Amino acid sequence: MTLYLVRHAKAGNRSEWTRDDRLRPLSRRGQRQSDGLLDLLADANIDRLLSSPYVRCMETLVPLAGMRGLAIEPIDALTEGATLDGALALVRKHAHHDAVMCMHGDVMPMLLEYYEDRGVPFDSAPTWPKGCTWVLDVDTTGEIAAARYLPPPPDEP
């Protein structure tokens, strides 16, 4: 099984957004990154799409949901400010599914640092720019066996 950890694509500038931050959408560049996930994950087996309920995370998965005919499931354990325990419980719960999990820039490093500290082999140093994907290979016991990095899809036309 494989889990795909996706950091949401580029969104509008937080400091310029005057409304509830949970409603901040993707920028045009972020929409292009979101569309780029179609090519990036074209050969991936995907059973579930899980996302922070924030608009920018949900929008990141919309093209993939449309292409795959899958619903996007909003999950609080992936929201900004989520706890490591909650995020780990979600990963463990879905370790026997091929799932995409879209999250924020504070949740992804918590998970990556946790697995790195436990000796999971990484193909490169952990980094988490907007729109990137980390592919977690899951062994037959449900443990994370390896992690590899996929850079963000292009955001230029």
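Structural data are supplied above this passage.
Thresholds, definitions, all that
Residues numbered from 1 in each chain as written. Predicted model: local features only at pLDDT ≥ 70, side-chain atom pairs only at ≥ 80, totals over all residues. Heavy atoms only, no water. Helix = DSSP H or I, 4+ residues; strand = E, 2+ residues; numbered from the N terminus. Buried < 20%, exposed > 50% of the residue type's maximum accessible area, 1.4 Å probe, protein only. Areas by Shrake-Rupley, 256 points an atom, 1.4 Å probe, with all protein chains shown as cover. Lys, Arg positive; Asp, Glu negative; His and termini not counted. Charge placed at Lys NZ, Arg CZ, Asp CG, Glu CD. Contact = heavy atoms within 4.5 Å. Salt bridge = Lys/Arg side-chain N within 4 Å of Asp/Glu carboxyl O. Axes fitted to C-alpha atoms, helices over the stretch in contact; angles between N-to-C directions. Parallel < 35°, antiparallel > 145°, perpendicular 65-115°, else oblique. Left-handed = near helix turned anticlockwise from the far one by under 90°. Nonpolar A, V, L, I, M, F, W, Y, C, P; charged D, E, K, R; others polar. Pairing = 2+ DSSP bridges.

Visitor: Can you walk me through the overall build of the protein in this structure?
Guide: Secondary structure assignment for the protein yields 4 helices and 6 strands. Tracing the protein from N to C terminus, the helices and strands come up as β-α-β-α-β-α-β-α-β-β. Over its C-alpha atoms, taken along the principal directions, the protein stretches across nearly 45 × 30 × 30 Å. In the protein, buried positions account for 46% of the 157 residues. Total accessible area computed for the protein in this model is approximately 7,600 Å², and 50% of it derives from carbon and sulfur atoms. Mean positive and mean negative side-chain charge positions of the protein (17 and 23 charges, respectively) differ by 6 Å.

Visitor: Sorry, what's going on with the side chain of Thr 60 here?
Guide: Here Thr 60 is to be found in helix 2 (residues 55–68). Looking at Thr 60, the relative accessible area reads 2%, which means it is buried. Excluding residues within four positions of it along the chain, Thr 60 makes contact with Val 6, His 8, Ala 9, Leu 26, Ser 34, Leu 37 and Cys 102.

Visitor: Explain the pattern of salt bridges here, please?
Guide: Pairs can form between side chains of opposite charge once their charged atoms are near each other. The tally for this structure, following the rule as stated, stands at 6 salt bridges. One salt bridge in this structure joins Glu 73 and Arg 48, with 2.6 Å as the shortest N-O distance. Linking Glu 73 in strand 3 (residues 72–74) with Arg 48 in strand 2 (residues 48–51), this pair joins segments that are 25 residues apart in sequence. Glu 80 serves as the salt-bridge partner of Arg 56, at 3.7 Å between the closest nitrogen and oxygen. Linking Arg 56 in helix 2 with Glu 80 in the loop between strand 3 and helix 3 (84–93), this pair joins segments that are 24 residues apart in sequence. Judged by relative accessible area, which is 27%, Glu 80 ranks as partly exposed. Here the salt bridges share partners, and the residues they tie into one network are Lys 10, Arg 29, Asp 155 and Glu 156.

Visitor: So what exactly am I meant to see when it comes to the packing of helix 1 (residues 28–40) against helix 2 here?
Guide: Each pair of packed helices can be summarised by the angle the axes make with each other and by the distance between the axes. With their axes 8 Å apart at the nearest point, helix 1 and helix 2 run at an angle of 40° to one another. Of the possible angle classes, the one that applies to helix 1 and helix 2 is oblique. By crossing handedness, the relation of helix 1 to helix 2 is classed as right-handed. Residues Ser 34, Asp 35, Leu 37 and Leu 38 of helix 1 lie in contact with helix 2, whose contacting residues are Glu 59, Thr 60, Leu 61, Pro 63, Leu 64 and Met 67. Tallied by class, residues from the contact of helix 1 with helix 2 come to 6 nonpolar, 2 polar and 2 charged.

Visitor: Before we go on, may I ask you to explain the pairing of strand 4 (residues 99–103) in this structure?
Guide: In summary, the side chains of a regular strand alternate between the two faces of the sheet. Buried residues dominate strand 4, accounting for 5 of its 5 residues. By the alternation rule, side chains of strand 4 split into Ala 99, Met 101 and Met 103 and Val 100 and Cys 102, which are all buried. As paired strands, strand 1 (residues 2–7) and strand 4 are joined by 5 bridges and run parallel to one another. Across the sheet, residue Val 6 finds its bridge partner in strand 4, namely Cys 102. With 4 bridges connecting them, strand 2 and strand 4 associate as parallel partners. Bridge assignment links Arg 48 to a residue of strand 4, and that residue is Ala 99.

Visitor: Please explain the packing of helix 3 against helix 4 (residues 107–117) as it appears in this structure.
Guide: Running from N to C, helix 3 and helix 4 cross one another at 70°; their axes reach a closest spacing of 10 Å. Here helix 3 lies roughly perpendicular to helix 4, going by the angle between them. Contact residues: helix 3 offers Leu 84, Ala 87, Leu 88, Val 91 and Arg 92, while helix 4 offers Val 107, Met 110, Leu 111, Tyr 114 and Tyr 115. Here the residues of the contact of helix 3 with helix 4 sort into 9 nonpolar, no polar and 1 charged.

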